[in-house]
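Here are the chains, one letter per residue:
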Amino acid sequence: MTDDRESAAIGDAAAPAGGGLRGRPRQFDRDAALVAAMRVFWRHGYAGASIGTLLEAMGISRATLYASFGDKEDLFRKVMDLYEREKTAYMVDALEQPSGRGVARHLLYGTIALQTNTADPKGSMGIVHSLSHAPGDEAIREFVMQRGRYWRDALIARFEQAARDGDFPASIAPRDLALTLKATTDGLLVAAATGVDESQLRGIADTFLELWPGR
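Conventions used here
- Residues numbered from 1 in each chain as written.
- Predicted model: local features only at pLDDT ≥ 70, side-chain atom pairs only at ≥ 80, totals over all residues.
- Heavy atoms only, no water.
- pLDDT = per-residue confidence, 0-100.
- Contact = heavy atoms within 4.5 Å.
- Helix = DSSP H or I, 4+ residues; strand = E, 2+ residues; numbered from the N terminus.
- Buried < 20%, exposed > 50% of the residue type's maximum accessible area, 1.4 Å probe, protein only.
- Phe/Tyr/Trp six-rings, centres within 6.5 Å; stacked < 30°, edge-to-face > 60°.
- Lys NZ or Arg CZ within 6 Å of the ring centre and 35° of its normal.
- Axes fitted to C-alpha atoms, helices over the stretch in contact; angles between N-to-C directions.
- Parallel < 35°, antiparallel > 145°, perpendicular 65-115°, else oblique.
- Left-handed = near helix turned anticlockwise from the far one by under 90°.
- Nonpolar A, V, L, I, M, F, W, Y, C, P; charged D, E, K, R; others polar.

## A word on the confidence of the model for the protein
- For the protein, mean pLDDT is 83; residues scoring 70 or higher make up 80% of the total.
- Every residue in residues 1-26 is under pLDDT 50, and counting partners more than four places away or in other chains gives 34 contacts.

## Observations regarding the environment of L55
- Structurally, the position occupied by L55 is in helix α2 (residues 51-58).
- When its relative accessible area of 13% is taken as the criterion, L55 is described as buried.
- Placed 19 residues apart in sequence, L55 and A36 show a C-alpha to C-alpha distance of 9.4 Å.
- Among all residues touching L55, those that are not within four sequence positions of it are I60, S61, R62 and L65.

## Thoughts on the packing of aromatic side chains
- Following the criterion strictly, the structure yields nine aromatic pairs and no others.
- Note on F159 and F168: the rings are 6.3 Å apart at their centroids and 45 degrees apart in plane angle, and the pair reads as tilted.
- Taking relative accessible area as the criterion, F159 reaches 0% and is therefore assigned buried.
- The class of F168 is buried, set by a relative accessible area of 5%.
- With 6.3 Å between their ring centres and 85 degrees between their planes, F168 and W212 make a pair best called edge-to-face. Within this pair, whereas F168 is found in the loop between α8 (138-164) and α9 (174-193), its partner W212 is found in the segment after α10 (198-210), the two being separated by 44 residues in sequence.
- Overall, the relative accessible area of 7% leaves W212 in the buried class.
- Through successive ring pairs, a cluster of aromatic residues spans F159, F168, F208 and W212.
- Cation over ring: K72 sits above Y46, and NZ or CZ is 4.5 Å from the ring centre.

## Things to note about the packing of α8 against α9
- Here α8 crosses α9 at 130 degrees, and the two axes come no closer than 8 Å. As judged from the angle between their axes, α8 and α9 are oblique. In terms of crossing hand, the pair formed by α8 and α9 is right-handed. Here G148, R152, L155, I156, F159, E160 and A163 of α8 lie close against α9, whose contacting residues are P174, R175, L177, A178, L179, L181 and K182.
- The residue inventory of the contact of α8 with α9, partitioned by class, reads nine nonpolar, one polar and four charged.

Right, dumping it as structure tokens:
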């Protein structure tokens, strides 16, 4: 990983009396700064995340923000890239499961594991920014929704393959089944964000799988 550096030196205390070499410039961890920004956007939404709050959380100056990440919208897009790398890897694994039921199981329990083990905050950054936005932030909302449509379409395509493989009866529309699963996983994310505990989340997943219309 390549470190970026703040332009300002550590301070006068780092310089010897009478001049001489100053202290080394302060460094920052780019990914750690992005994680801090992600938490701010997640908790406050894009509109509610002020530049000042972002700078304080990231531990950088305004000059470093613009030099390293661009403006606020550029920063948000970089944060979403990190979010998908860190939070959605299990979704890729789910689509590679050998059966439609396996896909559903992996998505449901992967969602729960993420919420109960590592998520901070709980819930979904994508859902937060799909449902709520301020006037003038339509481009951000569309950007987030476009990401969501990518995963939705990938899930539909996988279930269409599952239908061809005979994983569930021909009377079941693969698109409808895929969207039902997505609605359930989205519901788990919303429930986790409101404080529903792991046992209740697992009960929802167990019930969904008991109702699964095939092998």
